[in-house]
Amino acid sequence: MKKLYHKKALIEQGISYLQLDWFQKQFSAEENQYQYEGIVVECGGEEEIAIGQEHIQAIEFVIENQEMILKNILEALFKEYPNIQKKWIDFYEKEEYKQRLPKVNNIQELSYLITPDIVHIINVKKNGICCIGFEFSCTWEEEHGLGFMTYQGKVCKIGDASISFLSKIAQEVIKEEK
């Protein structure tokens, strides 16, 4: 069983803290730019909500499916990374650019540039299943971070951190889900 560091009361208040084994393995290498210390869980996105059973089930889904979710996030980012590099090429001086957005040959190298910060359980759902956003720190966008919106473990949107918590993004995802 995966470790879950929170009390039920914290979930009911909307915030808890997860220490996910697969995330720990992936983001604890010495080469990582950031130190992984666990993930805060927030429920509701940008709105205050009463925590329901579907939110608790979403947290349990993350715990039980963390390996698959992490794999999907890193694969999606690996595909998107060349576009991210192009977007930022004129923002940094050449040496700083190479440091912040280095060439990566595989997912492991990419994981050295990011670390998970927050899991957002969004109050947008389909068939009782909530969208789940993942917010990361990253080397190239320190102010706005990196975000992923997922549904049933599948990465549906990638962008800055706001992608991970905005209800309107989750509503777009639900609309596009078949």
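Residues numbered from 1 in each chain as written. Predicted model: local features only at pLDDT ≥ 70, side-chain atom pairs only at ≥ 80, totals over all residues. Heavy atoms only, no water.

Student: How should the overall build of the protein be read in this particular structure?
Tutor: When its secondary structure is counted, the protein shows seven helices and seven strands. Reading the secondary structure of the protein in the N-to-C direction produces β-α-β-α-β-α-α-α-α-β-β-β-β-α. Taken across its 178 residues, the protein has 47% of its residues classed as buried. Put simply, of all contacts in the protein between residues at least 6 apart along the chain, 54% involve residues at least 24 apart. Carbon and sulfur atoms form 48% of the exposed surface of the protein, whose accessible area is close to 9700 Å². (Helix = DSSP H or I, 4+ residues; strand = E, 2+ residues; numbered from the N terminus. Buried < 20%, exposed > 50% of the residue type's maximum accessible area, 1.4 Å probe, protein only. Contact = heavy atoms within 4.5 Å. Areas by Shrake-Rupley, 256 points an atom, 1.4 Å probe, with all protein chains shown as cover.)

Student: Would you explain the side chain of Ser167 in this entry?
Tutor: Residue placement: Ser167 occurs in helix H7 (residues 167-176). Apart from residues lying up to four places away in sequence, Ser167 is in contact with Gly44, Glu46, Glu47, Ile122 and Val124.

Student: Just to check I follow, could you spell out the pattern of salt bridges for this structure?
Tutor: Opposite charge on two side chains lets them pair, provided their charged atoms get close. All told, the structure shown has eight salt bridges when counted by the stated rule. Two residues, Lys98 and Glu95, come together in a salt bridge whose shortest N-O distance is 3.6 Å. Taken as a pair, Lys98 and Glu95 lie in helix H5 (residues 94-100) at a separation of three residues, close to a single helical turn. Here Lys98 falls in the partly exposed class, since its relative accessible area comes to 46%. A salt bridge links Glu176 to Lys157; its shortest N-O distance comes to 3.6 Å. One end of the pair, Glu176, is in helix H7; the other, Lys157, is in strand E7 (residues 154-159), with 19 residues separating them in the sequence. (Salt bridge = Lys/Arg side-chain N within 4 Å of Asp/Glu carboxyl O.)

Student: Sorry if this is basic, but what is going on with the state of the cysteines here?
Tutor: Disulfide: a covalent bond connecting the sulfur atoms of a pair of cysteines. The final tally for this structure, using the stated rule, is zero disulfides. Unpaired in this structure, Cys130 has its nearest cysteine sulfur neighbour in Cys131, at a distance of 7.8 Å. The thiol of Cys131 is not disulfide-bonded; the next cysteine sulfur, from Cys156, is found 6.8 Å away. Since its relative accessible area comes to 0%, Cys131 is described here as buried. (Disulfide = S-S within 2.5 Å.)

Student: Quick question: what am I supposed to make of the nonpolar core here?
Tutor: Soluble globular proteins tend to bury their nonpolar side chains together. If you look at the biggest cluster of nonpolar residues, it comprises 35 residues, and the most contacted ones within it are Leu101, Ile114, Ile121, Phe134, Trp140, Leu146 and Phe148. Elements represented by at least two residues in this core include exactly strand E3 (39-43), helix H3 (53-64), helix H4 (66-88), strand E4 (114-126), strand E5 (129-138) and strand E6 (146-151). The biggest single contributor to this core is H4, with nine residues. Ignoring anything within four residues of it in the chain, the contact list for Leu146 reads Leu77, Ile114, Phe134, Glu135, Phe136, Cys138, Trp140, Ile158, Gly159, Asp160 and Ala161. Cys131, Met149, Tyr151 and Ile163 belong to the second largest nonpolar core, which has 10 residues in total. (Core = buried A, V, L, I, M, F, W, Y, C linked by side-chain atoms within 4.5 Å.)

Student: Could you clarify how one ought to interpret the packing of H3 against H4 in this entry?
Tutor: Relative placement of two packed helices is described by the angle separating their axes and the distance separating the axes. In contact at an axis separation of 5 Å, H3 and H4 are set at 80° when each is read in the N-to-C sense. One finds that H3 runs roughly perpendicular with respect to H4. Only Gln66, Met68 and Ile69 of H4 make contact with H3, whose side of the interface consists of Phe61, Val62, Ile63 and Glu64. For the contact of H3 with H4, the class distribution of residues is five nonpolar, one polar and one charged. (Axes fitted to C-alpha atoms, helices over the stretch in contact; angles between N-to-C directions. Parallel < 35°, antiparallel > 145°, perpendicular 65-115°, else oblique. Nonpolar A, V, L, I, M, F, W, Y, C, P; charged D, E, K, R; others polar.)

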